[in-house]
Amino acid sequence: MINVIVKKWLDERGFGDRLTEHKDTIDTVEHAAMQIGCSEAEIAKTLSFIVDGKPVIVVMAGDGRVNSSKFKALFHAKPSMIPRDKVEKMTGFQPGGVCPFGVPADIPIWLDISMKRFEYVHPAGGNEFMSVKLTPDELEKASEAVGWCDVCKGWEEDK
């Protein structure tokens, strides 16, 4: 069930041993947290947007929601998710398994600061049964992210 593209990508960056296969689906934040045994907030959800007609990936904490004004300030466009029926064609991954590893090189990956408060976060690993345990700094290296951004709301610790 391992996605060979993701496994190779992570192996080449020294993180291949962090992939975990789960018995049940981790296609939602709730399912992932139950399978992994962590809080929903520690799930690094990978969202795919269309900006200027091209895909952009933003990875954020499981308890974060996109803040439209912050998103627009960074990307100069309103947040518009890739339609579910086009996700696989545009990202290479099925909905529920989109991850920041091994995506086409022309898709920029951004990491939201909402994940920096955790020792470990858990993004998907290429399908709805795989996850990867990484520190936020390791996630930045493993994903080859463009950088960190602040486009979320609802996660702040003083909420």
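Look a little higher up for the structure.
Quantities reported herein were computed from a predicted structural model and do not represent experimental measurements.

Describing the pattern of salt bridges
Taken as a whole and judged by the stated rule, the model has eight salt bridges. Salt-bridge contacts for R13 lead to E12; the nearest nitrogen and oxygen are separated by 3.5 Å. Judged by relative accessible area, which is 23%, R13 ranks as partly exposed. Close ionic contact of R18 with D17 constitutes a salt bridge, the shortest N to O distance being 4.0 Å.

Concerning the environment of P83
Summarising the element assignment, P83 is placed in the loop between α3 (68-75) and α4 (87-91). Considering only alpha carbons, one finds P83 and P136, 53 residues apart in sequence, at a separation of 28 Å.

Section: the sheet that holds strand β3 (residues 54-61)
Overall, mixed pairing links the five strands, which are arranged β6-β2-β3-β5-β8 in an open sheet. On the outer flanks of this sheet lie β6 (122-123) and β8 (147-149), each paired with one strand and no other. In the packing of helix α5 (residues 136-143) onto the sheet, contacts are made with β3, β5 (109-112), β6 and β8, and the angle to β5 comes to roughly 175°.

Calculation notes
- Residues numbered from 1 in each chain as written.
- Predicted model: local features only at pLDDT ≥ 70, side-chain atom pairs only at ≥ 80, totals over all residues.
- Heavy atoms only, no water.
- Salt bridge = Lys/Arg side-chain N within 4 Å of Asp/Glu carboxyl O.
- Buried < 20%, exposed > 50% of the residue type's maximum accessible area, 1.4 Å probe, protein only.
- Helix = DSSP H or I, 4+ residues; strand = E, 2+ residues; numbered from the N terminus.
- Pairing = 2+ DSSP bridges.
- Contact = heavy atoms within 4.5 Å.
- Axes fitted to C-alpha atoms, helices over the stretch in contact; angles between N-to-C directions.

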